[in-house]
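Examination of the molecular architecture
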Amino acid sequence: MIPALMPTYNRADLAFERGEGARLWTSDGRRFLDFGAGIATTSLGHGHPHLVKTIAEQAAKVMHVSNLYRVPQAEELAARHVAASFADSVFFCNSGAEANEGMVKAVRKYHAENGNPERFHMICFEGAFHGRTLAMLSATGNEKYLAGFGPPVQGFEHVPWDNMNAVRAAINERTAGIMIEPIQGEGGVRPASLRFLKELRAVCDEYGLLLALDEVQTGMGRSGKLWAHQWAGIEPDVMSSAKGIGGGFPLGAILAKEKVAKHLKPGTHGTTYGGNPLACAAGLAVMDVVMAPGFLDQVDRVARHLWKGLVGLAAKHPAVVEEVRGAGLLVGIKLKPEFNNGDMQAAAVAEGLLTVAAGMNVLRLAPPLIITEAEADEAVALLDRTIARMTGASAQAAAQ
């Protein structure tokens, strides 16, 4: 018999009943250091007092009214994001996939309203991950995810990662924009070079394309700046956000310059739940913390400390670790082909550390932004024990 809860996930046999900061506890009392953060989502950790208090107070007042009416919490949150970013206007939704769908619609609408409806193709990148809707599966381009769901949605072309010659070769009269994650998360924690991001901005300006950044996983402070593209000193035309923007409460957003946003008029795009009072109250609480003086500087300091520890770990275990890569508190440990990231993830659980597997045989670390240097050191020590557990098992198997 099929389970009542549809079995679309390969779930670990862990059920957590409470959390505090970067810690989670199961119902049987096991304690874990959480360096997965719900896949880079619980940006303030578990049980953050300000976030919890804000959500509880708002839930006791009004949770949902729909976008038939003004939502003051959404208006305030949008204004704060505009003040802190390149954007002139914000649309709120519920998830990263929704944000990316809306972002692509905005790019297409921009060209159609400017007399070029034939320009609806997006240049995307090999190794991308943009979500699980039909269109975003097509933008992702992974055959494994597309299998069994019919023909891909047209209008998405894929080129090699960090390859400007390939980007230029792909541009034609149908091209509307370029869609890219500043750091590929699911694709193996691969950061685009800052030079490449600058060149993408330049080529979009040269050909009249829109630069659409998917900052669902990389944004809201994860890189050590509010948005990862800020390290390159560029601005997109439109950008998607989700995950950490709500601190674990479902919230997504499309941030856009006026020249793009003005074409999404009443009736062109919408959502029932998106931007409701409860979600936006959570978003405001996250903004309170992340934009507080010194917070992002602390994220950057701890991230550099973690990086140093992981580089040392790689040097200690060259037979297991091929490289460490990423940026800020989105870091990947790429393993040698002889070892499997799924096995390492399971071994880390046995040592009390939660991580997330990613593509290209990478183990992903995406802890809450509130971790300390001591917790970074603890994670490195647990990973050291994880590797010892893995290599010990491998040596035992080889001996047999």
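Since we're looking at a predicted model, the values are computed, not measured. (Residues numbered from 1 in each chain as written. Predicted model: local features only at pLDDT ≥ 70, side-chain atom pairs only at ≥ 80, totals over all residues. Heavy atoms only, no water.)

1. Section: the overall build of the protein chain
Note the following rule: Going along the chain from the N terminus, every DSSP run of H or I of four or more residues is numbered as a helix, and every run of E of two or more is numbered as a strand. Here the globule rule is a power law, 2.2 Å times the number of residues to the power 0.38, and the radius of gyration is based on C-alpha atoms. Exposure classes here rest on a 1.4 Å probe applied to the protein chains alone. A residue is buried below 20% of its type maximum, exposed above 50%, and partly exposed in between. Here, residues are in contact when the closest pair of their heavy atoms is within 4.5 Å.
Within the protein chain one finds 13 helices and 17 strands. Taken over the C-alpha trace, the protein chain has a radius of gyration of 21 Å; the compact-globule value for 400 residues is 21 Å, and the two agree within 12%. Counting only C-alpha atoms, the protein chain reaches 70 × 55 × 50 Å along its principal axes. Residues counted as buried form 52% of the 400 residues belonging to the protein chain. Expressed as a percentage of contacts within the protein chain between residues at least 6 apart in sequence, the contacts between residues at least 24 apart total 72%.

2. A closer look at the environment of Pro-49
Take Pro-49: it is sitting in helix H2 (residues 49-59). Exposure remark for Pro-49: the relative accessible area of 62% places this residue in the exposed category. For the pair Pro-49 and Asn-165, spaced 116 residues apart in the sequence, the C-alpha separation amounts to 49 Å.

3. Points about the pattern of salt bridges
As a reminder of what qualifies: Any carboxyl oxygen of Asp or Glu within 4 Å of a side-chain nitrogen of Lys or Arg constitutes a salt bridge here.
The full count for this structure, using the stated rule, is 18 salt bridges. Ionic pairing is found between Asp-237 and Lys-259, a salt bridge with its closest N-O pair at 3.2 Å. Residue Asp-237 is located in the loop between strand S10 (210-214) and strand S11 (238-241), and its partner Lys-259 is located in helix H9 (residues 258-261); the two are separated by 22 residues in the primary sequence. When its relative accessible area of 36% is taken as the criterion, Lys-259 is described as partly exposed. Across the salt bridge formed by Arg-385 and Glu-351, the nearest N and O atoms sit 2.8 Å from each other. With Arg-385 in helix H13 (residues 373-399) and Glu-351 in the loop between helix H12 (341-350) and strand S15 (353-354), the pair connects residues that are 34 residues apart, well separated along the chain.

4. Looking at the sheet that holds strand S13 (residues 321-327)
Basically, it comes down to this: Paired strands are those between which DSSP finds at least two bridges. To obtain an axis, a line is fitted to C-alpha atoms, over the contacting stretch when the element is a helix, and the angle between two such axes runs from 0 to 180 degrees between their N-to-C directions.
Strands sit in the order S13-S14-S17-S16 across an open sheet of four strands; the sheet is antiparallel. Pairing within the sheet leaves two strands with one partner each, and these edge strands are S13 and strand S16 (356-358). Here the strands of the sheet are splayed against their neighbours by 30° on average, with no regard to which way each runs. When S13 meets strand S14 (residues 330-335), the two strands line up antiparallel, connected through six bridges.

5. Thoughts on the packing of aromatic side chains
Worth spelling out the cut-off: Stacked, tilted and edge-to-face are the three classes applied to pairs of Phe, Tyr and Trp rings, where Trp contributes its six-membered ring and a pair requires centres within 6.5 Å; stacked means planes under 30 degrees apart, edge-to-face means over 60, and tilted covers the rest.
Going through the model one piece at a time under the given rule, you end up with four aromatic pairs. With a centroid separation of 5.9 Å and an interplanar angle of 90°, the aromatic rings of Phe-125 and Trp-161 are classed as edge-to-face. Of this pair, Phe-125 sits in strand S5 (residues 121-125) while Trp-161 sits in the loop between strand S6 (156-159) and helix H7 (164-170), and the two are 36 residues apart along the sequence. By the burial criterion, Phe-125 is buried, and Trp-161 matches it.

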